[in-house]
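Structural description and commentary
Each chain is listed here by its residues.
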Amino acid sequence: MRCRKPAISFRRISRPSCYQSHSFHTASTRAETSVDEQASSPMSVSSHSSALVFELKARCSTTQARASILHLPHGSVELPIFMPVATQASLKGLTAEQLEETGCRLCLNNTYHLGLKPGQAVLDAIGGAHKLQGWNYNILTDSGGFQMVSLLKLAKVTEEGVRFLSPHDGSPMLLTPEHSMSLQNSIGSDIIMQLDDVIQTTSPDHERMKEAMERSIRWLDRCIASHQYPQKQNLFCIIQGGLDLKLRRQCCEAMVLRDTPGIAIGGLSGGEAKDDFCKVVHACTEVLPEGKPRYVMGIGYPEDLIVAIALGADMFDCVWPTRTARFGNAITSTGVLNLKHASYSEDFSPIEPGCGCSCCRPKEVGGMGISRALIYHLAAKETAGAHLLTMHNVHHLLSLMRMVRNAIIEDRFPQFVQEFFTKYFKARRHNWLKQIMLMRPACLPKTTPARNVMPITRDLLEAI
Amino acid sequence: MEQDSAAHQQHPMLSFSVAYAKSSTVGPRVGRLTRVGQKAIKTPHYVATTSRGVVPHISHDTLQKHTAVSSIYLALEDFIEKRITGAPIFKTPAKDSESPLRNYVAAQDDVLSILGPRRVPALPCPVHNTGSAISICTSVGFSQLKVDEYHDALRTLRPDIAITMADVVMHGTASVKRIEKSADRTHAWLRDACEQFTAHEKSSSKPAIFAAIPPIANVQQSLYLQDLAEEYRYMLSGLAIYSSTTAVDLPQALFDLPRMSLSEPGSPHSILKDVALGVDLLCIPFIGFASDHGIALVFEFPGPDVAIDEPQHLGVDLWSIENEASLLPLSPHCDCFTCTRHHKAYVHHLLQAREMLAWTLLQIHNLSTMDRFFDACRKSIANGSFEEDVELFTRRYETDMPAKTGSGPRIRGYQIKSSGGGEARKNEKAWDRFDGVAQQMAEAESGLATAEVDSKQLEDQGIAERV
């Protein structure tokens, strides 16, 4: 087993900071954005160094929500999209075929995990992650940096990369943007992410936040420089900057100049308040170019997805729907049900009546006819119970995204949002319901040009 | 009772016919078990064993699409928690012709359901059976299952086939007296079952009864066997035997009943022995054991016709590192879902990563291997070449299954018996790895050098470099 040497070693590029606030220079190939390739669709933008075409189909006339199609190397996907996470090249017990049946055409793999097992040499020998897992649709991989920081609490970020102790023997290791690119090149995923400097958005250390944002930009340049297959793998940048909107805008500006095929908003879903989350997403989407997909990383609660879509985001991923399935929780349009609770032991209705997933559909129409009582009986005792609920939960989120998309195309998204929240939180009077209802302003008719209006303000909170 | 026995010779829903038998007393035979509305099951065949109502690691859609499982064995003890009365399964809604058991576990209509009191293999219980109850193991602990309760459950749940209760001695060797008792109790329990079913049920919705025969010599339970052949023959649709030797020297009147074996064959060789004695249906726990331990079964019957000096392996251990980058199917000529869509390298990776899908893919493959195996057995019996083929198989393959090297899925309480205080944990702690790292971190900060063996590997894998 041999290590593939990164195309460019970090020592050469990381010499004195290349980040100066207003003089970003991008690689010449990247600056040339050709619109002519997609002349038939004026909204479409493709860049020479990308392997995707983004086709904007419809915009909500009230909110920032958009419906689009993303053409990727392994087929097209409709946006907005939820991407389930197949951490170690399998989606928690589901066969590739079962995953297809949920409607999924784009799923995640985690670079850190695939780097440990099966490792780069094996990935190269097999010919990438698609071949490894028998999955013929699209794959997105993260950079590996997030796991480094979240799993290995003992990691330290330096300019060169993430320093951490080997989980096996404790010797010091270093993950650089070049390593991350090299690994993701071996994985062969359709969308790859830059290595970024992630810190908790709730961190009070403003200096560190600024440093992380600026470093992420410098690392993006190193990622672009060492990315070997820009013509078949799409590198997305990741906007950082914590909850500081000024930092976020600066980061957007700098990264947009790098002209990556897609843009991710990172560092969220780390326990920040809902309205902080909204402000950040809004601050980013309002300055991001319209012709590129926007990916908000790490969110998966249905309410969060809806809100982020209203704010103009297109792509989401989260382990929550599949993880919570293994704990016996079913996501339904009327809320999350904990099917391990004894009250479901004699509930012979489907997981969600009317749901079109293969678990909930009755046997007569080709489904499995699984009841809540059976899930209660199997949950946390037989792996098949986890498989069934995982299928349902993934299907539920994908189908929610389809409904959202149709609502946007038919320009009735605001009504959809109202109905969704009423149904999802029915009869529950949690304090944060009020917070969620804060989203309403985003759906209200614009009185002033949308770009100048923050979707949520304290005043409106008081008004509800 | 015996006046209309001829009219009741056959269950209205279930029938069995022997198509070919080497002899009319003992020996391999080919038959057909047919339930109205289902595809006929060609015998000899395996019955897929379930855990809590599902074939382990296989969800319902996968079972239907990617396996040829035609019958499942379910254990009542899997559906009882603290008490049998009021267990949720008994409240399953079912229309007239439907079986609450089938509805509860959401089994397909074309799969034959067989209900018995205990799992196969059953866990030995610390408390002995009594004259009116057997000891069972539920997911919340050991308990007793009364004969009456069991018969009520069979009537309510309406499996396609109901196995009566047997008094099976599970601890060591039984004394002569205990063996006698075992035969007597099983005898009495069968009589109760027959009386209950005659008294209560319409003939079309009552389950077909398979009489359980405990694993004791036929001479020691001759009275019971005689009664089965004479007095209760008209009530019976089959026999559930705990030892394949029971099939030898059965009373002639029982010859045309299907024989289902609940013994636990440890290898294909013992399956062949059972089949040679005339067993028609078998529960085969080793299929699941192999899958759990990362072993893909690769044997064929009677085996490849090539000159080989060394006997071949019965299975391939996919934990082994040599499969790391192998794009080959699990076994060369297999056309199962696993072998056509995936490869050894993926299953190896999934095992290493402890992903649930590893066991699913292995189950699909191993069940498919057994399908081919039994198919070949039936052909061989029908050809009259079974004995020679068994001999070839014995020569061509190793005697034992490959040793287990990797660990399997998390072990559940209902799968393993605790042997008393102070025993080691059955499942490794999953989350204590950081403790070691934290300590090493502390050491590293104090400037102590650490071993570099594994970080070298990490570096080779390209995830990071040492500094």
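Residues numbered from 1 in each chain as written. Chains lettered and ligands numbered in written order. Predicted model: local features only at pLDDT ≥ 70, side-chain atom pairs only at ≥ 80, totals over all residues. Heavy atoms only, no water.

1. Re the packing of aromatic side chains
All names here are of chain B. Counted according to the given criterion, the structure contains 17 aromatic pairs over all chains. Look at F299 and F373: their rings are 5.3 Å apart centre to centre, the planes differ by 85 degrees, and that puts the pair in the edge-to-face class. Residue F299 is located in the loop between strand 14 (295-297) and strand 15 (315-317), and its partner F373 is located in helix 10 (residues 357-383); the two are separated by 74 residues in the primary sequence. Residue classification places F299 among the buried positions, given a relative accessible area of 1%. Residue F373 is classed as buried on the basis of its relative accessible area, which comes to 1%. Aromatic rings pair up to connect Y46, F299, F301, F373, F374, F386, F393 and Y397 into one cluster. Lying over the aromatic face of F255, R29 brings its terminal NZ or CZ to 5.1 Å of the ring centre. (Phe/Tyr/Trp six-rings, centres within 6.5 Å; stacked < 30°, edge-to-face > 60°. Helix = DSSP H or I, 4+ residues; strand = E, 2+ residues; numbered from the N terminus. Buried < 20%, exposed > 50% of the residue type's maximum accessible area, 1.4 Å probe, protein only. Lys NZ or Arg CZ within 6 Å of the ring centre and 35° of its normal.)

2. What to know about the pairing of strand 5 (residues 71-75) of chain B
Residue and element names in this part refer to chain B. Burial analysis of strand 5 places five of its five residues in the buried class, the great majority of the element. With respect to chirality, the unit in which strand 4 (residues 45-49) leads through helix 1 (residues 60-66) into the neighbouring parallel strand 5 is right-handed. Here five bridges tie strand 5 to strand 6 (residues 112-116), and the two strands are oriented parallel to one another. If you follow A75 over to strand 6, its bridge partner there is G116. In the classification by handedness, the crossover that spans strand 5, the intervening helix 2 (residues 100-105) and the parallel strand 6 is right-handed. (Right-handed = clockwise from strand over helix to strand, strands pointing away. Pairing = 2+ DSSP bridges.)

3. Side note on the sheet that holds strand 5 of chain B
Residue and element names in this part refer to chain B. The strand order 4-5-6-9-10-11-12-13 describes a closed barrel built from eight strands, whose pairing is parallel. Between one strand axis and the next, the sheet turns by 30 degrees as a mean value, whatever way the strands run. Judged from the three bridges that link them, strand 11 (residues 236-241) and strand 12 (residues 259-261) form a sheet pairing that is parallel. Paired with L239 across the strands is R259, a residue of strand 12. (Axes fitted to C-alpha atoms, helices over the stretch in contact; angles between N-to-C directions.)

4. With respect to the confidence of the model for chain A
Residue and element names in this part refer to chain A. Residue-level pLDDT values for chain A average 82, and 79% of them are 70 or greater. Predicted confidence for residues 1-48 stays below pLDDT 50, and this span has 79 contacts to residues more than four positions away or in other chains. Per-residue pLDDT stays below 50 along residues 429-464; that stretch engages in 54 contacts with residues further than four places along the chain or on separate chains. (pLDDT = per-residue confidence, 0-100. Contact = heavy atoms within 4.5 Å.)

5. A word on the state of the cysteines
One way to say it: the disulfide is the covalent bond shared by the sulfur atoms of two cysteines. Counted by the stated rule, this structure contains zero disulfides over all chains. With no disulfide of its own, C377 of chain B has C334 of chain B as its nearest cysteine by sulfur position, at a separation of 16 Å. (Disulfide = S-S within 2.5 Å.)

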